[in-house]
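So you can see what is in the structure, the chains are spelled out below.
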Amino acid sequence: MSSRTREDVFAQAAAARELSVLDAGVADCFACSRLVAWREDVAATKRAAFRDQTYWGRPVPGFGPADASIAILGLAPAAHGGNRTGRIFTGDRSGDVLFAALHRAGLANQATSVSADDGLALRHTRIFAAVRCAPPDNKPLPAERDTCAPWLHREVSLIKPTLRVVVALGAFAWAAWWPVLASVYALKPPVPRPRFGHGARVVLPGAPDLLGCYHVSQQNTFTGRLTPAMLDDVFASAKAGAGLA
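Just so it is clear, the model here is predicted, and its values are computed rather than measured.

Enquirer: Would you take a moment to explain the packing of aromatic side chains for this structure?
Expert: Centre distance and the angle of the planes are the two values used to describe a pair of aromatic rings. Following the criterion strictly, the structure yields 4 aromatic pairs and no others. For the pair Trp177 and Tyr185, a centre-to-centre distance of 6.2 Å together with 50° between the ring planes defines the contact as tilted. Owing to a relative accessible area of 2%, Trp177 belongs among the buried residues under this scheme. Joined through ring pairs, the aromatic side chains of Trp174, Trp178, Phe196 and Tyr214 make up one cluster. A cation over a ring is seen here: Arg87 above Phe63, with NZ or CZ 4.9 Å from the ring centre. Lying over the aromatic face of Tyr214, Arg225 brings its terminal NZ or CZ to 4.0 Å of the ring centre.

Right, here's the structure in full:
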């Protein structure tokens, strides 16, 4: 059954007892009319370079094993990346940078991510976004973030037994984590909230460590604000925190 309201999202997310069911529910969500219109318009008009391809044009589920000890939390799929390929951070420049770093860290079996059937597999790591649809200008509205939150909360709940570290890519993902603490871990978020920064770390008893990392956007990687060495340091820290080093 498709989710078409915030109440539908909450009910379907809560009912999912395994990731495959949750992923199917995510992919069949129509709860945010603005995002539905945008993702479908992008899929219909396409970018010239991809005009011969069939776009996914739907919400993008998480990717990675159910027993992950590291989670990577992003903002939302890219219009011509995940919204095209159907896999998070796949088919865009941000994914090129991210998966190359994960491969160097031994957390991915290959350094590239170009399509959903390219053979990529993650080790100990699951990737998902705070908002599952590609938003206009890469800027979800607060109401869209809140409507989508039950998918995120349930996904974290399902991997909770093994999850030890969360890497938040950017300030949006960092802020999206605090409601997860309350919903999944029954913990009060710190007051005041710790500020996002690259390399920032928040350790709270009873919850995964939270690591801040600049987003792997072209704006950050092309300008040198985020370098491969900086990403390597973050994932080395994540592995250590997860007991994988």
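Enquirer: What's the story with helix H3 (residues 33–45) in this structure? I'm lost.
Expert: Owing to its 3.6 residues per turn, the α-helix aligns residues three or four sequence positions apart on the same side. Look at H3: 18 Å from first C-alpha to last across 13 residues, which is about the 18 Å you get at 1.5 Å a residue. For H3, the full list of buried residues reads Leu35, Val36, Arg39, Val42 and Ala43. All buried residues of H3 project into a common sector of 140° when viewed along the axis, lining one side. For H3, the exposed residues lying more than 90 degrees away from the buried face are Ser33, Ala44 and Thr45. Contacts from the buried residues of H3 go to helix H4 (82–85) and helix H6 (142–159). Positive backbone phi, approximately 65°, marks Lys46, located one or two places after H3.

Enquirer: Teacher, can you tell me more about the nonpolar core here?
Expert: Where a protein is soluble and globular, its nonpolar side chains tend to be buried together. One finds Trp151, Val156, Trp177, Tyr185 and Leu210 to be the most contacted residues of the largest nonpolar core, which totals 33 residues. The set of elements that each furnish at least two residues to this core consists of helix H1 (6–15), helix H2 (19–27), strand S1 (70–74), H6, strand S3 (165–169) and helix H7 (171–185). Of the residues forming this core, the biggest block, 9 residues, is contributed by H7. Those residues in contact with Trp151, other than ones at most four positions away along the chain, are Ser3, Val9, Gln12, Ala13, Leu22, Gly25, Val26, Cys29 and Arg132. Membership of the second largest hydrophobic core comes to 30 residues, among which are Ala101, Leu211, Phe235 and Ala238.

Enquirer: Help me out: how do you make sense of the side chain of Arg154 in this one?
Expert: By the secondary structure assignment, Arg154 is in helix H6. Despite its burial, Arg154 pairs with no opposite charge, the nearest such side chain being Glu18 at 9.7 Å. Within the local environment of Arg154, its side chain forms a polar contact with the backbone oxygen of Ala16, the two atoms lying 2.8 Å apart. The contact partners of Arg154, leaving out residues within four places of it in the chain, are Ala13, Ala14, Ala16, Arg17 and Leu22.

Enquirer: Quick question: what am I supposed to make of the environment of Ala200 here?
Expert: You can see Ala200 is positioned in the loop between H7 and strand S4 (201–202). A relative accessible area of 19% means that Ala200 is categorised as buried. Linking Ala200 and Arg132, residues 68 residues apart in sequence, is a C-alpha distance of 25 Å.

Enquirer: I keep staring at H2 and nothing clicks. Help me out?
Expert: When H2 is considered as a whole, its buried residues turn out to be Leu19, Leu22, Asp23, Gly25, Val26 and Ala27. On the buried face of H2, the contacting elements are H1, strand S2 (125–129) and H6.

Enquirer: Would you take a moment to explain the packing of helix H5 (residues 93–104) against helix H9 (residues 228–241) for this structure?
Expert: Geometry of a packed helix pair, given as the angle between the helix axes and the separation of the axes. It is at 10 Å that the axes of H5 and H9 come closest, and there the two elements cross at 55°. If you check the angle between H5 and H9, you find them oblique. Between H5 and H9 lies a crossing whose hand is right-handed. Here H5 contributes Val97, Leu98, Ala101, Leu102 and Arg104 to the contact with H9, which in turn contributes Pro228, Leu231, Asp232 and Phe235. Among the residues making up the contact of H5 with H9, the classes are represented as 7 nonpolar, no polar and 2 charged.

What counts, and at which threshold
- Residues numbered from 1 in each chain as written.
- Predicted model: local features only at pLDDT ≥ 70, side-chain atom pairs only at ≥ 80, totals over all residues.
- Heavy atoms only, no water.
- Phe/Tyr/Trp six-rings, centres within 6.5 Å; stacked < 30°, edge-to-face > 60°.
- Buried < 20%, exposed > 50% of the residue type's maximum accessible area, 1.4 Å probe, protein only.
- Lys NZ or Arg CZ within 6 Å of the ring centre and 35° of its normal.
- Helix = DSSP H or I, 4+ residues; strand = E, 2+ residues; numbered from the N terminus.
- Expected span 1.5 Å × (residues − 1).
- Arc of directions from axis to C-beta.
- Contact = heavy atoms within 4.5 Å.
- Core = buried A, V, L, I, M, F, W, Y, C linked by side-chain atoms within 4.5 Å.
- Lys, Arg positive; Asp, Glu negative; His and termini not counted.
- Salt bridge = Lys/Arg side-chain N within 4 Å of Asp/Glu carboxyl O.
- Polar contact = N/O pair within 3.5 Å; in protein donor to acceptor, adjacent residues only side chain to side chain.
- Axes fitted to C-alpha atoms, helices over the stretch in contact; angles between N-to-C directions.
- Parallel < 35°, antiparallel > 145°, perpendicular 65-115°, else oblique.
- Left-handed = near helix turned anticlockwise from the far one by under 90°.
- Nonpolar A, V, L, I, M, F, W, Y, C, P; charged D, E, K, R; others polar.

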